[in-house]
Each structure stands twice: as C-alpha cells, then as structure tokens.
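# Summary of the model geometry
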Amino acid sequence: MTLPRNARFRIPEPGGRPGDTPHFGDIDIPAGGEVARPHASSAEQDIRDLPFTLIRTLGDDGAAHGQWDPKLRPDILRIMLRDMQLNRIFDDRMFTLQRQGKTSFYMKSRGEEALGVVPALVLGQQDMCFPTYRLVGWLIARGYPLIDLVNQIFSNKQDPLKGRQLPVLYSARDYGFYSISGNLGNRLGHAVGWAMAKAYRAKDDIAIGYIGEGTSAEGDFHEALTFASVYKAPVILCVTNNQWAISSFSGIAGAQETTFAAKAIGYGLPGLRVDGNDVLAVWAATEWAAQRARAGLGATLIEFFTYRAAGHSTSDDPGKYRPSDEADHWPLGDPIERLQNHLTLLGEWDEAQHEAMLEGLTKRVRSAIKEGEAIGTLGESKPSVKEMFEHVFAEPDWRVLEQRNELGV
Amino acid sequence: MTLPRNARFRIPEPGGRPGDTPHFGDIDIPAGGEVARPHASSAEQDIRDLPFTLIRTLGDDGAAHGQWDPKLRPDILRIMLRDMQLNRIFDDRMFTLQRQGKTSFYMKSRGEEALGVVPALVLGQQDMCFPTYRLVGWLIARGYPLIDLVNQIFSNKQDPLKGRQLPVLYSARDYGFYSISGNLGNRLGHAVGWAMAKAYRAKDDIAIGYIGEGTSAEGDFHEALTFASVYKAPVILCVTNNQWAISSFSGIAGAQETTFAAKAIGYGLPGLRVDGNDVLAVWAATEWAAQRARAGLGATLIEFFTYRAAGHSTSDDPGKYRPSDEADHWPLGDPIERLQNHLTLLGEWDEAQHEAMLEGLTKRVRSAIKEGEAIGTLGESKPSVKEMFEHVFAEPDWRVLEQRNELGV
Amino acid sequence: MTVMTMIQALNDALDVMLERDPDVLIFGEDVGYFGGVFRVTDKLQEKHGIDRCFDAPIAESGIIATAIGMGAEGLRPVVEIQFADYILPAYDQLVSEAARLRYRSNGEFSAPITVRAPYGGGIFGGQTHSQSPEAIFAHITGLKTVIPSNPYDAKGLLIASIECPDPVIFLEPKRLYNGPFDGHHDRKLQGWAGQSEAEVPDGHYTVPLGKAATVREGSAVTVLCYGTMVHVAGVAIDEAGVDADLIDLRCIVPLDIDTIVASVQKTGRCVIVHEASRYGGFGGELSALVTERCFYYLKAPTQRVAGWDTPYPHAFEWDYFPGPARVVDALKRVMEH
Amino acid sequence: MTVMTMIQALNDALDVMLERDPDVLIFGEDVGYFGGVFRVTDKLQEKHGIDRCFDAPIAESGIIATAIGMGAEGLRPVVEIQFADYILPAYDQLVSEAARLRYRSNGEFSAPITVRAPYGGGIFGGQTHSQSPEAIFAHITGLKTVIPSNPYDAKGLLIASIECPDPVIFLEPKRLYNGPFDGHHDRKLQGWAGQSEAEVPDGHYTVPLGKAATVREGSAVTVLCYGTMVHVAGVAIDEAGVDADLIDLRCIVPLDIDTIVASVQKTGRCVIVHEASRYGGFGGELSALVTERCFYYLKAPTQRVAGWDTPYPHAFEWDYFPGPARVVDALKRVMEH
Ligand SMILES: Cc1ncc(C[n+]2csc(CCOP(=O)(O)OP(=O)(O)O)c2C)c(N)n1
Ligand SMILES: Cc1ncc(C[n+]2csc(CCOP(=O)(O)OP(=O)(O)O)c2C)c(N)n1
Ligand SMILES: [Mg+2]
Ligand SMILES: [Mg+2]
C-alpha cells in the first residue's frame, strides 16, 4: 500500500483564487424558516442537529418565515437598518481617510454589520460585549459618539484612549464594550470570567464574546468554552465565520471538515449556526441564547455565517488571494440590502426614505470627521506625551517617574 | 427573575468524597458486543453516535462479543496478559522503593495497563508513540530492558537519560517512545507534526498521542486536533479518561456535560469511546484508527474510558479526596483480571499458569532492581556531573564551557 | 501572634482575605476540596464555601483569562498555578492582557488579580518542578512580581498583593514552605518553629510591595537576593566571615532601588544571588542598575551567583543549585579588591 | 550578487534552502498562496509546491508544536509567526519543549526548527505590532536568538539558522524590511538600493551564528546593539562626533563575548542600545557581562538606551522609540568621564 503524498498530507484550498470563478464549495442553504426553533430550555442532546444546519428567517421573497422570526416592530427594524448603514458609511469614510494618511490603520465591517448592531439592541445595558475589531456596530447601535471614534482613529488630542491604542481597538465600558487588543482571541476567556463574576454576584447580567472563525483555532477558544461549560457561565460565545482570515480561507481553520457551531457539541453546549446576514435570525439566536444564560442554563456557542466583503484591513489587498468579484457571489446576500427589501415588502420603507436616511447619515459622519479633523488627524495633534507614562500601574513607580522626567514631560 | 447564586454559577462535584459510598454518576454501560463496528473508511457524519456510547467486547460472561472483537490468537492474549502484569508488578515494586527513599518520585499505571501495552502490540515498529507518564506499558510491551527503566528511576550512573530527567519521564526513540516532560499535554501537537512529517515523506508510518482527560482542557489539545483535522494527519489521538486528575474528578474537565470522545465532532473527526479496561476493545479501536490513518483518511480521537486505581503519584494520597474503596466500585473492572477470566474461559489459561507467570515476572523485576541497586539508587551513584552541561545545544557555547570549568568538571 | 510555616502563613492570608472581602475568590488546579498539592488552600473551601475556593480545569491560560474577566468586572481573584513552571501556557494572557489592560483602556478596565505559584528548586523536582522564571515577568511593563522568603513576609505580602489594584505574580519558594533552607542539604533541616520570622500576627496586616528588607547590616559588601537565596546568602556571609549588608528584595517589581543604591554606595561591593539561570536573568538588571547608579563607589566588579546556563537537571540538584560554597567564593572574590 | 531589500534577501534564503534540502518546509499564517503579510514567502508556494510552503491555522502554539514534531522526525521546518508580539501564545512550546527536547532526551530527539517573526517598532503599529521580546528568549537555556540588521546578514544568518541543529528564534526588524532606518523619521527615507550591505550573493552562503560584526571601528567608546538600532547608533555616533566601535551583535544567543570584551577593554566605555523596554531587557545582561569582564578598564558607567518602561504606545511612537537624540545623549554622558 503506497499512497502518494497528497493522499496523506492534505493542504486545504479555497474554492477560487484570483482569476477563478468564485465558488463557495457546497454550502447547503435551507430556505428561510425551514429550521425549527426548539424551546430555549432544551437539553443540548436534543438539539444536536442545529450546528449542522443554518438558521434563517428572511426568504428569497424578502419575507420573514418560520419559528425563528422574532416578529419585531418596524421601528426596531428601521433602527437596525440605520445603524448598520451608519456603520458602513463610517467605515467607507475612514478607509478613505487612511489612504489619505490621516490615520495609520483601519478595518471595515462590510457585510458583517448585523453582528455588532443587532446583539447591541437585543442585550441589556448591563450586559458586557467582548468584541473583535469588526464590531464597531455595537458602539454605533449603543449611541457611542462618532466623534470619540474619530478622535481615537486620529490618535489626536481628544483621543479617549490617549493615544495608547491603535485605531479600531476601542474600549468603552459605559457602552458595554470591553477593551480590544491586537492579540486575537485572548478575550473570549475574559467574557467567561466576567459572566462568572456576574453569576457569583447573583446578578442577571450576562456577557457576549466574539471571535473570528480563523481565530477559533487558538487554544484560548477551547479553554474559554471549557470554562463556560464546566461552570455553566451565563455567556454567549460567537464565532463570526466571515470565510476569511486575512488571506486564509475558513478551511485552514477546519471548515471543510465540519461547521464551527459543531464545536459546541464537544462541550455539551448548544450550538447554533445562523445566517449572519439575516438580521432577524441574528436577533432571534441572540435572544434565545440570552434567555438560556439568564435562566441559569449556561452558555451557547453561535456561529454567525457571513462574509467579509471588504479587505482584511487597510494593509490588505484581497485581490491578491481571492477572486475580485467573490463578494458578489456570496450566496447569503448583504445584510443591509436584505433588511431594506424586507422593510420595503412590509410597506414600512421606500426608496425616498432610504435616500433621505443615507443623506442624513452621511452628514453625521462628515460632521464628526470635520470636528475630528479640527482637533487633528494623526500627527497633527496628539495627547500630552506624559500620557505615555500614565496607567502603567494604578500608581506610577520610580522607573516611570524617572523616565518621564528624563524625557522632560 | 432572581436566581440564587448556585443556580447560575455551578462548580461540579464528584459522586463521592472520603466517607461517602462510591458512586460514578449515571454511567451508561452497554453490554459487550452491543455497539456495531462501522467500516474503517466510514465518513465521520455517518458515525456521530459512536462518541456517545462505549465500545466493549468482553461481556460479564468473560466472552468476547460483537463486531469489535478482533479475534486474536490466544498467544497474543497471553502476551498482553504478561506485559500488563509485568507493568503492574514493576509499578508496585517501584512505589515501595520510593517510600524507602531509593528514588525521588514514581507514578503507577494501575488499572490502565492496557492503554500502554495493547497499542504497542497493535502498531508497527516504525510508528511513534507520544506517551503520558502512565504509559510505561508501551515500553514493557516493546521489550525495553527493565534495567534501563530502573537505572533512570534511580538516576544512577547508568541512567540512560544521564540524570537529567525525573523518574518515569522516559525517552526511547528506538522503541518508538517519544520523550515525556512534566508539562502536561504539550506533546500531542508533536504527534501531529511527526505524523505530518511521515505523510510528507509519503511513508506509511503513523503516530499515536496520549493525553489525560484532565489535561484535555489545555489549549494545546484543541490546537493539535485542529492541525490533525485540517491537514488530515495520520495520527491517533487518545484521551485516557481515568476519571481523575490528581484530586479533580473528570467533571472539572467537562465530563458532566458530554463525553471526551464527543470533542472529535467539533473537528469533523471520528470519535470512539472505548472501554479501556477491555483489551480486545482497546486493540480493535486502535486497529480501526490505524487503518484509517494509513489509508489517508486522517486522524481519529479515541477516549479510553478507564479508572486510575492508584494514587496520582508517590506525592499523592487519594484517601484525602475520594472514597478509599472507590476503585472497588469501578463498574468496568480490572483489565488484567478481565483478560485472565477471558483466557480461562477459552481454556487457554489456568490458575497454575498464572501463578507461574507471576512468579517469573516477580523474579524478573527483582533481578532488574537488584542490578540497578548494585549500580546505585538515588544519590548513591549518578552520572558524571559534566553530563549536566551536555546536550544544551548540539555544540556547547562559551557559557556552558566556562561554567563547566568553573564547577571543575 | 502564631508561629507558622510558610504554608500556614499563606493559608492564613487567604483565609483573612476571604473573610474580609466578599470580592475575593480563589481557584486553580486542585485547590478546592483537596486544598492544593502543597496544601496552601487547605480547608478554605470547607470554611468559606465552594464558590469561594474551587477547582479549575487544567488550563493555565484559561485560569488566567477567567481571572482577568472577573477582575475587570471588579472581583479580586487569587489563582494558583500548580508550579511556576506551568505558568508558561498562560504567559500570553499575563503579558498581553493582564499587564496591558489598564494602560490600553486608559484605566477603564484593569486586572487586579493575584497569581500564586510554588517556585524554585531544591526539592529534587527535576526540570519542570524547579524553575525560577522571575526574569520573564520582571521585563513586562504592567506586572508586579513578589517573592517572599519567610512566613511573616509571605502573609503580609500576599495580603498586599491581593489588595493591590495591579496584577501581581506571587512566587512562593517551595523549598521554604516547611522550613528555612540555607543550601546545606546534607545537614539536619530545621523547621520554621523557633525562627523569629515565623511569628505571624493574627488577622490582617500587610508588608508593602516595593520595600526591601535589610536582613542584616554590614559595611564591606552588599548581597542582593530574594526567596530561598536569602537563607543561603545568610549562611554564606557567616562562612566567608565578611561584614555584609544582606538585602532581601522581596519584590522584583516594584524594586526598592533606594535601599539598593544606599547600601552599595555604602559598601562599594555587590554580590547578586539567584537560583534562575544566570544569562538574561534578573541579576543582569540588578548588576546594570548598580553600575549605573553606584559606579564611582564600586571597589570591585559586581558578581552574580546563579543557576548554570543549562536546564534544571534532576540528579544534579546540588551541583546546579547556587549553594553556600559558590556564594562564599563570590564574596571572597569581591573582597579581594 | 544582487541588490536586495531585506524582504527579498530573506525570501531568497528560503528559496535557496527549499531548493537545496527536501527536508525544509515552511508554514505559518498567510505564508502560502499569499506569500505572507510582509511578502517574505512570496512565490515560494508557486515555485516549490503547496506541501513545501503552506498556510497554518491561527494557533501559534500549534504551529510551534507541529514544527517540533516534524523537527523531531528529521525535517527542518521554518515557521513564521506573523508578528513577534504573537509569539507569546507559543512561549510554552518554545521554552518547555523546543529548548529542552535535546537535553531531556539525552540527544535522542531535538527540535531543529527556525521560528521567524517580524519584530520591533517604528511603523506605527501600536502596542501589539511593535514589541521587541528578545529578552524573554535570551534567558532560556537551549534557544538561540538571531537578529539581523541588513539584507546580506539576513540571508546568511537565516540559512545558518535553518542549518543549525538547534531551535532558533529569528527576529526580523520589520522597520528595516524595505530600507535602513536611522531613527530620523522626519527625514527622507532611503531604500536598500545603494547600500553595500544590500549586495547579496546568489545561492547558498552563511553568516555564522555567534559572530558579531564590527560595523565601524573607534577607540573612545563601544556601542553594543542589534537590529534597527545598529542604524540609529550609526547616525548618533556621527552626530555626537565620538570615535566609537559600533558592534552589531547579530546574535543574542550565542553571544560573541570575545568581540565585546576586546572592544570594551580597548575603549573603556560602553553604551548599550535596544528598542525593548529597559527594565529586565537584554541590555542588563550585556551591562553585567561588561562589568564582570572589563571592570578595570571602564572609565565610565555603562549606559543603556532603551524603550521606556511602558507598553508600546501608538501615538507616541517617536517619543518612545530610542532615537538618535537619546543615543547621542548617552554617548556624550559616557564621554564626559
Ligand atoms: C495571536 C495573534 N495571531 C495573529 C495575529 C495576526 N492577525 C490579525 S487579524 C488575523 C486574521 C483573523 O481572522 P479571523 O479570526 O477570521 O477574523 P476576521 O479578520 O475575519 O474578522 C491575523 C492572523 C494576531 N493579531 N494575533
Ligand atoms: C501544564 C501543566 N499543568 C499542571 C501540571 C501539574 N499536574 C501534573 S499531573 C496533573 C493531573 C493530570 O491529570 P490527567 O490529565 O487526567 O492525567 P492522569 O494523571 O489522570 O493520567 C497535574 C495538574 C503539569 N504537570 N503541567
Ligand atoms: Mg474571518
Ligand atoms: Mg486523569
């Protein structure tokens, strides 16, 4: 028996590379409403099929179907539409400003806006989000001032994090948004610890943590799930499967072998696989998991199946590793367009309203940027250099004091 | 809705503590032969029930049953019996010698002897085992000289690892036994890398790696499984679930929520859950997984369900945290006794043979120990101190040379 | 006032803090029902409840990550890593998260966690139960590192660490758990009973972080050390017959630079002793600081006595361990100048 | 001989080794089809096949563990960690396994792996894309650590690292990838073209591990540095107008102690420069070694210029970075004596 090397040692490859016709493998897409919604108190062993399907409500007809439809009021739908759109306009402007040298770095959420915006509306003010860098939608939906985003992105004098952090690595405790850092994945365990702390205090509050599908390969992902399972922590753990991790397709993280939601089974946790571009499905799944968590039934793992429609960051050129028109072939559409269609179908939205909304949002973004530019773009103004020496410890030690002195600030 | 703290924040507790009647929760134990054996080329999605049952062949009647029965010749069975018994006698002697101060430390395999001995016989000479510290049975079954074990345990002049390692942390490349270290779990990923190297060279050889159920909580476990899955590495990854991790019962690693075999599902790997005290089941499962690996079908995760019948190590007193008679209540019996019964039932073994075997093995162990004692027990003799400075690098650098000089060796 | 071993003193510190502050909770491998492999958390679960002191999965990174999340929320978790050697899987969480959370969030979040770990050699533990990794923490901005050398300090420093709003790595020289150890492994061992530093006050008190202890005063040479080496250096000073300032640093970060500088400027000689391998060890930093701040006072080159630049070897425990003989040599060497 | 950037030189080294040795293979995050986020593995997959250069899951510990297993079997894996900041999750694998495998198995197994990582600051990468963690490797017995400062060395040292039977941490100063950088960020930048060290021989050659380069010779002061700081120190020496020996260490382990000692014994003064935070940094070891071995030659206290003892801050890149002005100050300070 002599197998050739390639029959033994397999390197996964994506459906298409530059120049190829985009191809997403054999994604099995149930129709909106096809998947039944078990009761939120279901035992995990009774719902082990859920990780292998895809929870969807919005059909090709634009209507909401089935048991997962959260039946939201139109005004809530319009808020989601607005916030997702604001996220997108803001991203587009910032990307351009980076190209103009006004900031060092930026990352967009295009195609994934629902994942920040929707849970921010589902969960309570005292719940804490442990985000990734693509979750600015949460801050937007929670009403975090655009100018504060802009100031951090410009690292200017008014930067709320005082110039210490990269753009997009926000922190906003009052808005339920935990500090992000460049190290991928490390904070999922913090979400579990935070949730355990709330449980320890016998509070109703819960935590929600996010991790990219690429990052789910990190050991910390497993350890967070283990702690969440063992201690029945009231936490929602989300894998945002946007198909790409910089240039590596999801198969490099194991997607050709099974789903990311299926990882829940190894911890005895419910695993939901959800159309992340379907705001109603995202809403319903988050709500289902939150109900379980608040009822003392522990954690849920949710895979949000979506697509990173933009490059990884301003440092990236996706045309180098995937078909340039791949986004257009993404079979689950665009979350904003799908919601817009749905609202239109309901008779709750029209072109004119949409145009007016776009105009209003564009103005808001422009004016925030203008205000930020007046304070200064990268290098034009910055926080006092003495901020470099603050918050190393609660109280500075002699090294920091001496060095601050040495630098004369 | 106000839940009490304990409804939110759950600390798992074992079935019994000292003074309690031993109780193993609700272990569901299928009869020998009950579980069907799918073809070794089965697709993972068709065998997702296997992680939730328990593969067994030896029934309460002592006979082998069902499709997993590997139908071994009696002489092979007798070899297994002998090697497991040798493992046990050796362990018992060494434990006593540690109490006498002749070595610093020892760890027994009692109750788990099958897990080292059986796969050593199933797998080929070119396959590599990445063991835990409870796997000396592999070395015994592969014919590693007892005197070399003794010399390492005594850290004496003839210690094959030259006094650098703790007792029981063996390394024996020629016997297919990878170097162990005190750091738990780290070497499962080495098994995957080794297997990938063999596949890269288009060789038929495979690797087998072991990890304790307690250690399966480490992030490295997840990363090893991810790499094994993504690259379809020809490797068998085994969780030895012996119910305890020092004083922590398996529930602290998640056993109350699901099985350890179920973790395979999250990687799209076949997961087998096997009665680890049933040598025939251990043989059959190892063979099944080895066939898959050699056929280019990638990795298998096996949970060997067993019981740590002794204390964790010579530093441990299990009477402090579990009922002192817990071992007697272990529902899956003792691997040696069960094999002995089976052989007896087959008419291939009797009391007299057993007594003779015990006597012979005891003699072998005694004479190896005597030989080792003559060379020296801990502190009586040791390798040349200059060995302390060898093998830091392939070639020593000036630091090591200077320091060796400074010490005058 | 009770005479205690270091284990008892640490246990008492935890007991006091569990009693005093409902936000304090303890977890780690085997620390719950069993009370820890070195018994430091003995009876704490029984006394304070299972949710105050409990077992954790064998996942050091997860233990620290969970503690950070709890700490960010406002709790004061105290976690045990079973051996300092096994803190490495959690190094990223400690460095990239615990140490940096306050800084990067401009003080919005912080990680007031205490990470205890038995540390150091001298117990025939071999490679992975003997190491002294303090240098890899000292270099990390945002972490504090504490190493007690006796029961009194152990209790006071542990309480101070738990109360400290910053993350603290608390390294417990396991060779000192049951008695002082001067490196003369072949002599009869003494327990803590009868030692004045083993007289431990009842209830709450602190030994402040960042204050060294001058264990004995002298004028000819300064010896800088911490942990087990305080005892080794003590006997070596006697054996060398030198008139030494013996300084127990107690904290690596924050370091009591004033005490160090004052002493070396007084004595003009400095010997640094630690168990960890020499190269790149914390002794390098100490030597550099002494040179930078006391150059014109120095009569002799500062000497380091440390573990060899090899992994920690099982059978060669006493050849590797920087025992009294090597410290005596160094003391004599500096005194020759 | 071709003029190359450091990226091209590194790529060429990998190309040469893939060609020359079938046991060499490369993997890491985004290194396959895409060729790495800094393009160091550009076209290697296309040229040598997908099984010679391929993408890895985002799991640094798994990457190193897999490489160790391959290396133990006999392959020569070269792995990329996308930024040196992200090597920390793999620290345990590097320290407890790669560094110790040969020793603990008495040479039965070893880990001949090369771990490449872009390293250092100066690119506005903020906290987690700018750090210089060499000190946490230097302290570890059994690891070698290499840091090139120019294209010629980069290629020769990388080939030597791949051929080295021991595990090598290969840190690539990313600020030098596309051109030398002397710290004058506000001046016009130059590329590697026109620099003599950018003339890279074709094919196979090595720069031996453990040999420092004396970049320029002088008699009044020795400057010890590596990576980007070699260029910063070069310009600072000019600006200070001192007559300096400028030593590019190239390797932290093994260290070229002879070159260092000979130089400081000649000059009697020593300035050490690195980007990493000062406290507990590798400069401490250098300062200690200089004191221990050159004490009677020293005319002035050895000075360290380094990153501040704060995390690496995004907006304060140039306040944090130890640029020419701070090196000039230190040079002047030692020359005052
Ligand atoms: C520990 C760590 N390793 C590597 C990186 C470099 N890196 C930054 S983003 C990224 C890809 C992440 O992909 P994914 O998790 O899928 O998230 P996405 O960007 O798609 O949202 C990588 C490898 C990092 N920041 N941290
Ligand atoms: C990384 C690491 N963490 C902790 C320890 C301490 N320790 C040694 S054995 C052990 C328990 C292991 O339990 P398990 O994995 O179930 O294996 P078993 O002993 O039951 O075979 C622990 C916690 C260690 N050696 N390494
Ligand atoms: Mg992704
Ligand atoms: Mg176990």
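Residues numbered from 1 in each chain as written. Chains lettered and ligands numbered in written order. Predicted model: local features only at pLDDT ≥ 70, side-chain atom pairs only at ≥ 80, totals over all residues. Heavy atoms only, no water.

## What to know about the overall build of chain C
Assigned secondary structure in chain C consists of twelve helices and 14 strands. Relative to the 2.2 N^0.38 estimate, which gives 20 Å for 337 residues, the radius of gyration of chain C is 19 Å and therefore close to what a compact globule would have. Viewed in the frame of its principal axes, chain C has a C-alpha envelope of about 60 × 45 × 40 Å. Of the contacts formed within chain C by residues at least 6 apart in sequence, a portion of 78% connects residues at least 24 apart. Computed over 28 positive and 44 negative side-chain charges, the separation of the two mean positions in chain C equals 5 Å. (Helix = DSSP H or I, 4+ residues; strand = E, 2+ residues; numbered from the N terminus. Rg over C-alpha atoms; globule rule 2.2 N^0.38 Å. Contact = heavy atoms within 4.5 Å. Lys, Arg positive; Asp, Glu negative; His and termini not counted. Charge placed at Lys NZ, Arg CZ, Asp CG, Glu CD.)

## So, the interface of chain B and chain D
With 43 residues of chain B at the interface, the matching set in chain D holds 50 residues. Taking both partners together, chain B and chain D bury about 3800 Å²; carbon and sulfur atoms supply 57% of that area. On inspection of chain B and its partner chain D, the count reaches five salt bridges. Note that Glu97 of chain D is salt-bridged to Arg187 of chain B, the shortest N-O span being 2.7 Å. (Buried area = accessible area lost by both parts, 1.4 Å probe. Salt bridge = Lys/Arg side-chain N within 4 Å of Asp/Glu carboxyl O.)

## Notes on the coordination of the magnesium ion (ligand 3)
All names here are of chain A. All of the protein donors around the magnesium ion (ligand 3) are Glu213 (OE), Asn242 (OD1) and Trp244 (O); their distances to the metal are 2.0 to 2.2 Å. When the donors of the magnesium ion (ligand 3) are listed by position in the chain, the intervening gaps give E-x28-N-x1-W. On the criterion of sequence distance, the pair formed by Glu213 in the loop between strand S2 (207–212) and helix H6 (219–230) and Trp244 in strand S4 (residues 244–245) is long-range, its members being 31 residues apart. Assigned by exposure class, Glu213 and Trp244 land together as buried. (Donors = N, O, S within 2.8 Å, 3.2 Å for Na, K, Ca; no water. Buried < 20%, exposed > 50% of the residue type's maximum accessible area, 1.4 Å probe, protein only.)

## Considering the coordination of the magnesium ion (ligand 4)
Under perfect tetrahedral coordination by four donors, a metal shows angles of 109.5 degrees; under perfect octahedral coordination by six donors, it shows angles of 90 or 180 degrees. All of the protein donors around the magnesium ion (ligand 4) are Glu213 of chain B (OE), Asn242 of chain B (OD1) and Trp244 of chain B (O); their distances to the metal are 2.0 to 2.2 Å. Donor residues for the magnesium ion (ligand 4), ordered by position in the chain, follow E-x28-N-x1-W.

## Describing unusual backbone geometry
In the segment running from Val253 of chain C into Pro254 of chain C, the intervening peptide bond is cis, with an omega of -5°. Structurally, Pro254 of chain C can be placed in the loop between strand S12 (251–253) and helix H9 (257–267). Its identity as a non-glycine residue notwithstanding, Lys71 of chain B has a phi of 50°, on the positive side. With respect to the helices and strands, Lys71 of chain B occurs in the segment before helix H1 (74–99).

## Some remarks on the site of ligand 2
Around ligand 2 lies a shell of 20 residues, among which Tyr133, Arg134, Gly182 and Thr215 of chain B together with Glu60 of chain C are the nearest. Per-site note: the chains with residues close to ligand 2 are chains B and C. Gly214 of chain B places a main-chain nitrogen or oxygen 3.0 Å from an oxygen atom of ligand 2. One nitrogen or oxygen atom from the side chain of Glu60 of chain C is found 2.6 Å from a nitrogen atom belonging to ligand 2. When the free accessible area of ligand 2 is taken as 590 Å², the share hidden by the protein chains comes to 96%. (Near = heavy atom within 4 Å. Polar contact = N/O pair within 3.5 Å; in protein donor to acceptor, adjacent residues only side chain to side chain. Areas by Shrake-Rupley, 256 points an atom, 1.4 Å probe, with all protein chains shown as cover.)

## Notes on the domain arrangement of chain A
The domain boundaries assigned to chain A delineate domain 1 (40–61 + 70–313 + 324–378) and domain 2 (385–409). Inter-centroid distance (C-alpha atoms) of domain 1 of chain A to domain 2 of chain A is 36 Å. (Domains from an automatic or database assignment.)

## Quick look at the site of ligand 1
Around ligand 1 sit 20 residues, and of these Tyr133, Arg134, Thr215 and Trp244 of chain A together with Glu60 of chain D come closest. Those chains with residues close to ligand 1 are chains A and D. A distance of 2.7 Å separates an oxygen atom of ligand 1 from a polar atom in the side chain of Arg134 of chain A. Within the contact set of ligand 1, a nitrogen atom lies 3.1 Å away from a backbone nitrogen or oxygen of Leu184 of chain A. For ligand 1, the protein covers 96% of the area, taking 590 Å² as the surface of the free molecule. Here the residues of the shell around ligand 1 sort into seven nonpolar, eight polar and five charged. (Nonpolar A, V, L, I, M, F, W, Y, C, P; charged D, E, K, R; others polar.)

## Focus: the environment of Thr291 of chain C
As for its placement among the helices and strands, Thr291 of chain C is situated in helix H10 (residues 282–294). Judged by its relative accessible area of 1%, Thr291 of chain C is buried. Separated by 203 residues in sequence, Thr291 of chain C and Leu88 of chain C place their C-alpha atoms 31 Å apart. Once you skip the residues sitting within four places of it in the chain, Thr291 of chain C turns out to touch Leu298 of chain C together with Ser287, Thr291, Pro301 and Thr302 of chain D.

## A short note on the interface of chain A and chain B
As a measure of interface size, the accessible area lost when the parts come together is often cited. If you look at the interface, chain A gives 46 residues, while chain B gives 46 residues. A per-residue breakdown of the area chain A buries against chain B is headed by Arg8, His222 and Val230 of chain A, which together make up 16% of the total. Taken together, the connections running from chain A to chain B amount to one salt bridge. Between Glu257 of chain B and Lys232 of chain A there is a salt bridge whose closest N-O contact spans 4.0 Å. The tally of links from chain A across to chain B stands at twelve residue pairs in polar contact (both at pLDDT 80 or more). Where the side of chain A that touches chain B is concerned, the elements lending two or more residues are helix H5 (188–200) and H6 of chain A. Looking at the side of chain A that touches chain B, the element that brings in the most residues is H6 of chain A, giving seven residues. Each residue belonging to the side of chain A that touches chain B can be placed in one class, and the counts come to 22 nonpolar, eleven polar and 13 charged.

## Considering the relation of the copies chain A and chain B
Between the two copies of the chain lies a rotation about an axis combined with a shift along it. Between the two copies, chain A and chain B, the superposition gives an RMSD of 0.0 Å; the rotation angle is 180° and the shift along the axis is 0.0 Å. Expressed as a symmetry operation, the mapping of one chain copy onto the other fits a two-fold axis. Proximity to the rotation axis, assessed at the C-alpha, singles out Gly219 of chain A in chain A; its C-alpha lies 1.8 Å from the axis. Interface overlap between copies: 100% of the residues of chain A at the interface are likewise at the interface in chain B, consistent with a symmetric, same-surface contact. (Least-squares fit on C-alpha atoms with pLDDT ≥ 70 in both.)

## Section: the nonpolar core
Residues Val235 of chain A, Val235 of chain B, Leu255 and Leu331 of chain C together with Leu249, Leu255 and Leu331 of chain D are the most contacted members of the largest nonpolar core, which totals 337 residues. Sequence-distant contacts of Leu255 of chain C, that is, excluding residues within four places in its chain, are made with Trp398 of chain A, Gly210, Leu249, Ile260, Phe282, Leu286 and Leu289 of chain C together with Tyr279 of chain D. (Core = buried A, V, L, I, M, F, W, Y, C linked by side-chain atoms within 4.5 Å.)

## Description of the domain arrangement of chain C
Residue and element names in this part refer to chain C. What the domain assignment reports for chain C is domain 1 (2–200) and domain 2 (213–335). Centre-to-centre, using C-alpha coordinates, domain 1 lies 24 Å away from domain 2. Residue-level contacts link 35 residues of domain 1 with 28 residues of domain 2. In this assembly, domain 1 packs against domain 2 so that about 2600 Å² is buried in total across both faces, 62% of it on carbon and sulfur atoms. At the junction of domain 1 with domain 2, the criterion picks out one salt bridge. Among the salt bridges present, the one from Arg250 reaches Asp153, with a minimum N-O distance of 3.1 Å. For the interface between domain 1 and domain 2, the tally reads 14 residue pairs in polar contact (both at pLDDT 80 or more).

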